[in-house]
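Here are the chains, one letter per residue:
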Amino acid sequence: MEKNTSLFRKKTVEQILKDAHANENGGLTKILGVWDLVSLGIAAIVGAGIFSTIGLASFNGGPAVSLLFVFTAIACVFTALSYAQFASTVPVSGSAYTYAYVAFGELFAWIIGWALILEYAVSNMVVAISWSKYFVSMLEGFGIVIPGYLTIDPGSAADAFQKLQSTGIDSLSAAEKLSAMAYQTAPILGGFHLILDLPAGLITALVTSLVYIGIKESRTASNIMVVLKVGVVLLVIFAGAFYVKPENWTPFAPNGVKGVLSGVAAVFFAFIGFDSISTTAEECRDPQRDMPKAMIYCLVICTVLYVLITLVLTGMVNYKELNVNDPLAFVFQRIGLDFMAGLISVSSVIAITSALLVYQLGQPRIWMTMSRDGLLWKKFSKIHPKFHTPSFATIITGLVVGIPALFFKMDFFVDLTSVGTFFAFILVCSGVLYLDHSGISKQSKFRVPYFNGKFLVGFGLLAAILGLAFYGQNIIAEWKSLTVSEIFEHKFLTVVFWATWIMLSVLSFKLNFSVLPVAGILTNLYLMTELGASNWLIFVIWLAIGLVIYFSYGYKKSKLAGNIE
C-alpha cells in the first residue's frame, strides 16, 4: 500500500463501514433499540446534574436559570441534529472522533478522541465522588456510619487539619471539622495517614464489572434505574408544585445575565450525556434510523424535566437557600416533608449510579475505535469472546476513573470536562457543513433540516451588533476601559467568537451554508467564552500530552499511513 504521510488524511464513509463490518464476527452484540438509547441518554443527562449542580446554578442565577437550561438545550439540539446526521451516515462506535476522521482528517480526529477521553474520564470521576457523598449520607440516615477516613480524599482531610492547628476549631465549618477528625483518626502506614474515598472506588469497580460483563446486562440495569429516577423527579415536580410560592420567583434574575451565565458549566455538564448515545452505534439494531430519534427524544424529555424542576425548586424556597449539595432533598426538609427528603436521598444514589454506568460504557468504545484505526495499541480493540465487550479498554477505563476518584477532591475535576466537549461539539457541527458542501450528505439517511443561511447568518450578526449598541452599554463601557493587551488576555475567546461569526457570515453568503449547524457552532463557542482560564490551561496540557503520544505512536502506526498489521 502507498504511504500516506499527511496529518489530515481522511477516512471515507465506505472505509469506516468496511472496517466495522470486518469486526462484526465475534464483535459487539447488536441489541439496542430506540427506547434503549433514549434510556441511556436520560441516564447520562438526568444524573449528578439534577441532583446536585442545579442547586449552585439556581443560587447564582435565581429562577432565571430555568431559561439557561432552555438556552443550553437549544445549543445541544443544534449539536444533536448534527450528531444525528453523522450517526446516520457513519453508524459505528467512536462518536465525534469518527465523525472528525471523515470531515477533517486524522490529526483533528485524534485531538477530538483525546478530548473525549478527558471528558468521559473526568465526568466519571466527578460522578463517582458525588455518588460517594450521597451514599454515605444515605447510610447515615439508616444509622450506618462509615469511618470518616474511608469517605474523604487525603487533600481535604490534610487541609482541614492544618487549618484546625493554625486557626482553631471555631474557624472550621461543620464539614471541615469532620474532615479534620478523619485526618486525626486515620490509621498511619509508613508515616502516611491512610485516607481514601473508598465508596467512590468501589462503585467504579462495580459499574465497570457490569459494563465488562455485557451490553444486555448494562441495558437492563440502566432501564430499571432510569424508570425509578424519572419517577422520583416527576414526584418532586408534582408534589413540590403544591408548595410553590410565586413571590419566590421575584426577582426572576436577581444577579442579572452574568449571574445566570455563571451556571453555564454546571448546566452544560448536565446535558453532555446525549453524545454518549453515539458511542453505542455498533450495538444498535438499526443505528441509522434509531440514533437520530433517540438523541432528539432524550434532549426534549430532559429539558422539560430540568426546566420544571428548576421552577419548582426556586418556587418552594428562596433561591438564596439553594447553595447546597442536595437541593432536591433540602427543599423538602425545609418544608417539613422528611419522608420525601429521605426518598430523594435514596433515589439520588440510583440516579447517579445510572449516569456512571453510561459514561463508563462510552469511554472504552471510543478507545476501541481509535485502536482499530491504529492510533492506539491493538489491545484496546480486543473484544471479549464470551461477553462481546471491549474487555481490555473497559478494565483500563475502570482503573483510570477509579484510582483518581479514591484520592482527589471533586473541586479538582469540576468544569474540566466542558472545554473538550464544547470543542468536540463545534467540530461535529462544522463537519455537517463539510458533508453538505462535499456532497457526502447524499448518503445520510437523516439530514439536519436545511435553511439557507446566505443572508440569515449575516442578518443575525447585524442584529446582535445593534442589540449591543442599544442595550449593552455596560458591556461596551467595560471593553472601552480595557487596553489591547488586556482584551487579548481576558477577552480572547470573546474576540474569537465575534471573528468566527463574521467569517461564517461571509462563508454562508458564498457557499449557502445551512443555518442550524452554524447556530450550533456559534452557541457552543459562546458558551465556551464563559469558562475559566484554568480549564483551558489544563486542557492545553492534556492536548500536549496527547500530541506526544500521537506523533510517537499513532502517526506511524495509523492504518491510513499504509501500516496494516
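Structure's up top.
Because the structure is a prediction, the values reported are computed rather than measured.

Q: I'd like to hear about the environment of V307, residue by residue, with values.
A: Within the secondary structure, V307 is located in helix α13 (residues 287-316). For the pair V307 and V65, spaced 242 residues apart in sequence, the C-alpha separation works out to 8.3 Å. Those residues in contact with V307, other than ones at most four positions away along the chain, are S66, F69 and V70.

Q: Give a detailed account of the packing of helix α2 (residues 34-45) against helix α10 (residues 215-241), specifying residues and quantitative values.
A: Packed helix pairs are specified by the crossing angle of their axes together with the interaxial distance, meaning the distance between the axes. Where α2 contacts α10, the axes come no closer than 9 Å and their chain directions differ by 60°. One finds that α2 runs oblique with respect to α10. Like other packed secondary-structure pairs, α2 and α10 cross with a definite hand, here left-handed. Along the contact surface, α2 presents D36, S39, L40, I42 and A43, while α10 presents R219, S222, N223, V226, K229 and V230. Partitioning the contact of α2 with α10 into residue classes produces five nonpolar, three polar and three charged.

Q: An account of the packing of helix α18 (residues 456-471) against helix α21 (residues 492-511) is needed here, citing residue identities and associated values.
A: Their axes nearest at 8 Å, the elements α18 and α21 cross at an angle of 145°. Two secondary-structure elements touch here, α18 through V457, G458, G460, L461, A464, I465 and L468 and α21 through W498, W501, I502, L504, S505 and S508. Taken together, the residues of the contact of α18 with α21 break down into nine nonpolar, four polar and no charged.

Q: Describe the environment of A281, naming the residues involved and giving the relevant values.
A: Assignment of secondary structure puts A281 in the loop between α12 (264-271) and α13. Exposure remark for A281: the relative accessible area of 1% places this residue in the buried category. Placed 244 residues apart in sequence, A281 and L37 show a C-alpha to C-alpha distance of 9.5 Å.

Q: Please provide a residue-by-residue account of the packing of aromatic side chains, values included.
A: The description of two aromatic rings rests on the distance between their centres and on the angle between their planes. This model, assessed by the stated rule, comprises 21 aromatic pairs. Pairing W131 with F135 gives two aromatic rings, centres 4.6 Å apart and planes at 15°, and the pair type is stacked. Remark: F135 and W131 occur in helix α6 (residues 106-141); sequence separation between them is four residues, near one turn of the helix. When its relative accessible area of 22% is taken as the criterion, F135 is described as partly exposed. Here the aromatic rings of Y550 and Y555 are separated by 6.0 Å at their centres, their planes lie at 65°, and the arrangement is edge-to-face.

Q: Tell me what's going on with unusual backbone geometry, and back it up with residues and numbers.
A: A cis geometry characterises the amide bond from T250 onward to P251, with omega recorded as 0°. Looking at where P251 falls in the secondary structure, it is placed in the loop between α10 and α11 (256-261). At N512, a position not held by glycine, the phi torsion is positive, near 55°. Note that N512 resides in the loop between α21 and α22 (515-528). Owing to a relative accessible area of 31%, N512 belongs among the partly exposed residues under this scheme.

Q: Describe in detail the side chain of N524, supporting the description with residues and values.
A: Note that N524 resides in helix α22. On the accessibility criterion, N524 (0% relative accessible area) is buried. Here the side chain of N524 touches T79 through a polar contact of 2.9 Å, side chain to side chain.

Q: Go over helix α14 (residues 327-334), please, and point to the residues and values.
A: Most of α14 sits inside the fold, with six of its eight residues counted as buried. All buried positions along α14 are accounted for by P327, L328, A329, F330, V331 and F332. Directly beyond the C-terminal end of α14, a positive phi value near 90° is found at G336.

Q: Can you tell me about the pattern of salt bridges, naming the residues and giving the values?
A: Applying the stated criterion across every chain yields a total of four salt bridges. Among the ionic pairs, R289 bridges to D286, the shortest N-O distance being 3.8 Å. For D286, a relative accessible area of 27% corresponds to the partly exposed category. Linking R447 and D436 is a salt bridge whose minimum nitrogen-to-oxygen distance equals 3.7 Å. Of this pair, R447 sits in the loop between α17 (416-438) and α18 while D436 sits in helix α17, placing them eleven residues apart in sequence. The exposure class of R447 is partly exposed, given its relative accessible area of 45%. Take D436: its relative accessible area is 26%, and that puts it in the partly exposed class. Taken together, the shared-partner salt bridges in this structure form one network comprising D286, R289 and D290.

About the criteria used
Position numbers for residues count from 1 along each chain, tracking the sequence in the order it is written. Residue-level local features of this predicted model are given only where pLDDT is at least 70; pairs of side-chain atoms are given and counted only at 80 or more, and the full residue set underlies all totals for whole chains, interfaces and linings. Just so you know, side-chain values use all the structure's heavy atoms and leave hydrogens and water out. Numbering of helices and strands runs from the N terminus; a helix is a DSSP stretch of H or I covering at least four residues, while a strand is a stretch of E covering at least two. Any two residues whose heavy atoms approach within 4.5 Å are treated as being in contact. With axes taken as lines fitted to C-alpha atoms, and helix axes fitted only over the stretch in contact, angles between N-to-C directions fall between 0 and 180 degrees. Relative orientations are named as follows: roughly parallel for angles under 35 degrees, roughly antiparallel for angles over 145 degrees, roughly perpendicular for angles from 65 to 115 degrees, and oblique for any other angle. The hand of a helix crossing depends on one turn: near helix anticlockwise from the far one by less than a right angle means left-handed, and clockwise means right-handed. Each residue receives one of three labels: charged for Asp, Glu, Lys and Arg, nonpolar for Ala, Val, Leu, Ile, Met, Phe, Trp, Tyr, Cys and Pro, and polar for the others, Gly being one of them. Type-normalised accessible area, obtained with a 1.4 Å probe on protein chains alone, sets the label of each residue: buried when under 20%, exposed when over 50%, and partly exposed for intermediate values. Planes of paired rings set the category: under 30 degrees apart is stacked, over 60 is edge-to-face and the rest tilted, where pairs are Phe, Tyr or Trp rings (Trp by its six-membered ring) whose centres lie within 6.5 Å. Nitrogen and oxygen atoms within 3.5 Å of one another constitute a polar contact, given that in protein one can donate a hydrogen and the other can accept it, and given that sequence-neighbouring residues count only through two side-chain atoms. By definition, a salt bridge exists where a carboxyl oxygen of Asp or Glu is found within 4 Å of a side-chain nitrogen of Lys or Arg.

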